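# Examination of the molecular architecture
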Amino acid sequence: MMILSTPVMIAEGAPQWTQIHETEGIRVFQRDSALGDLPDFKAISRVKATLFDLIAVLQDVNRRDEWVHRCSVSKVVKRYSEFELLLYHQTDSPWPISDRDAAIRTYLYEIKKERRYLAYFKGAETSAIPPKKNVVRLPQIEGYYLFDYVGPQEIEVTYFVHLDPGGFLPHWLIKRATKDLPTKTIIGLRQQIRKTKASNIYQSFHQKWNPDVRPKNTPEPSRPPHPPQKLMRRLGI
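Quantities reported herein were computed from a predicted structural model and do not represent experimental measurements.

### Looking at the environment of Ile-193
Along the chain, Ile-193 falls in helix H2 (residues 171-199). Once residues lying within four places of it in the same chain are set aside, the contact partners of Ile-193 are Lys-48, Ala-49, Asp-53, Leu-54 and Val-57.

Here it is, written out as structure tokens:
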């Protein structure tokens, strides 16, 4: 498998973040990217949830079309482990822009047990997901969700994304569309958390992973791996 995206160098010497707007408690930042003309974006917000509420929603790849901004298709293509997946993602672009898609490799890491988790993703090239007619394959996508424990029912979420949508689009249009992605994705994440908690569809997930609801005498599951130090330094985490 070949990785599509050049690693996002966002550690020492990287350009500084500038806050560009804030809405509904979501702060959105932009900075020049080391990768080219298109900027990086990130959003930071508090979410009323547990770490396990968030991880359950994020790992349920086949439901991401219910909350990720403009996602029309999301499905698991291959499971390398419980914590590493290959998925297919397609976005529904507004007319007259062609829809975009990507093969994405995702990794869930535990930085500190029951306190800090990193969900990292990057584009990949694979014969398992051939290009579709009339859909533009993203030449580059890379980013992460970072979940930091604040309290029993409050998590700080950081969402970072760098992407190149490909095709022939003016930069002003790309920047405007990309700027909306972090805000609307976090809004969608909040809504999905409320919906899934109300329906209790992740009860079995919580009984396995959440020590507060895990039945007594149930063995603790295997833990997500710690992220490589090289990745942590590169992401500036």
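Following the structure, the description resumes.
### Considerations on the pattern of salt bridges
Per the counting criterion, the structure on display carries 16 salt bridges. Here Arg-116 ties to Asp-148 by a salt bridge, and the two come within 2.4 Å at their closest N and O atoms. Residue Arg-116 is located in strand E8 (residues 116-125), and its partner Asp-148 is located in strand E10 (residues 140-151); the two are separated by 32 residues in the primary sequence. Among the ionic pairs, Glu-142 bridges to Arg-234, the shortest N-O distance being 3.4 Å. In this pair, Glu-142 sits in strand E10 while Arg-234 sits in helix H4 (residues 229-235), placing the two residues 92 residues apart along the sequence. Classification of Arg-234 as buried rests on a relative accessible area of 16%. Because the salt bridges share partners, they merge into one network encompassing Arg-46, Lys-48, Glu-154 and Glu-156.

### Structural notes on the confidence of the model for the protein chain
On average, residues of the protein chain score 88 in pLDDT, and 89% of them reach the 70 mark or higher. Confidence drops under pLDDT 50 across residues 1-10; counting only partners more than four residues distant or on other chains, this segment forms 43 contacts.

### Here's the deal with the nonpolar core
Note that soluble globular proteins tend to have their nonpolar side chains buried in a common cluster. In this structure, Leu-54, Tyr-145, Phe-147 and Val-157 are the most contacted members of the largest nonpolar core, which totals 43 residues. The element best represented in this core is helix H1 (residues 51-59), accounting for 7 residues. Excluding residues within four positions of it along the chain, Phe-147 makes contact with Leu-51, Leu-54, Ile-55, Leu-58, Arg-115, Arg-116, Tyr-117, Ile-155, Glu-156 and Val-157.

### A look at the side chain of His-89
Examined against the element boundaries, His-89 turns out to sit in strand E6 (residues 84-91). The contact partners of His-89, leaving out residues within four places of it in the chain, are Val-68, Cys-71, Val-73, Arg-100, Asp-101, Ala-102 and Ile-104.

### Observations regarding the side chain of Arg-214
Structurally, the position occupied by Arg-214 is in the loop between helix H3 (203-209) and H4. Buried Arg-214, no salt bridge; nearest opposite-charge side chain is Glu-220, N-O distance 4.7 Å. Among the polar contacts made by the side chain of Arg-214, one reaches the main-chain carbonyl oxygen of Lys-208 at a distance of 3.0 Å. From its side chain, Arg-214 meets the backbone oxygen of Trp-209 in a polar contact 3.1 Å long. Those residues in contact with Arg-214, other than ones at most four positions away along the chain, are His-206, Gln-207, Lys-208, Trp-209, Pro-219, Glu-220 and Pro-221.

### Side note on the layout of surface pockets
Any empty space left between the atoms is revealed when a probe the size of a water molecule rolls over them. The volume enclosed by the second largest pocket comes to roughly 370 Å³. Forming the boundary of the second largest pocket are 22 residues, of which Ile-55, Ala-56, Gln-59, Phe-205 and Trp-209 lie nearest the centre. Of the residues in the lining of the second largest pocket, the class split is 14 nonpolar, 3 polar and 5 charged.

### Examining the packing of aromatic side chains
Under the defined criterion, the tally for this structure stands at 10 aromatic pairs. With a centroid separation of 5.4 Å and 20° between ring planes, the pair formed by Tyr-144 and Phe-160 is classed as stacked. With Tyr-144 in strand E10 and Phe-160 in strand E11 (residues 154-164), this residue pair connects regions lying 16 residues apart in the sequence. The exposure classification of Tyr-144 matches that of Phe-160, with both residues buried. An aromatic cluster is built from Trp-67, Phe-121, Tyr-145, Phe-147 and Tyr-159, whose rings are joined through pairwise contacts. Across from the ring centre of Tyr-149, 4.0 Å away, lies the NZ or CZ of Arg-115, which sits over that ring.

What counts and what doesn't
Residues numbered from 1 in each chain as written. Predicted model: local features only at pLDDT ≥ 70, side-chain atom pairs only at ≥ 80, totals over all residues. Heavy atoms only, no water. Helix = DSSP H or I, 4+ residues; strand = E, 2+ residues; numbered from the N terminus. Contact = heavy atoms within 4.5 Å. Salt bridge = Lys/Arg side-chain N within 4 Å of Asp/Glu carboxyl O. Buried < 20%, exposed > 50% of the residue type's maximum accessible area, 1.4 Å probe, protein only. pLDDT = per-residue confidence, 0-100. Core = buried A, V, L, I, M, F, W, Y, C linked by side-chain atoms within 4.5 Å. Lys, Arg positive; Asp, Glu negative; His and termini not counted. Polar contact = N/O pair within 3.5 Å; in protein donor to acceptor, adjacent residues only side chain to side chain. 1 Å grid on protein atoms, 1.4 Å probe; cavity = no way out; pocket = protein on both sides within 12 Å on 5 of 7 lines; lining within 4 Å. Points joined across faces, edges and corners; volume = space filled by probe spheres on them. Nonpolar A, V, L, I, M, F, W, Y, C, P; charged D, E, K, R; others polar. Phe/Tyr/Trp six-rings, centres within 6.5 Å; stacked < 30°, edge-to-face > 60°. Lys NZ or Arg CZ within 6 Å of the ring centre and 35° of its normal.

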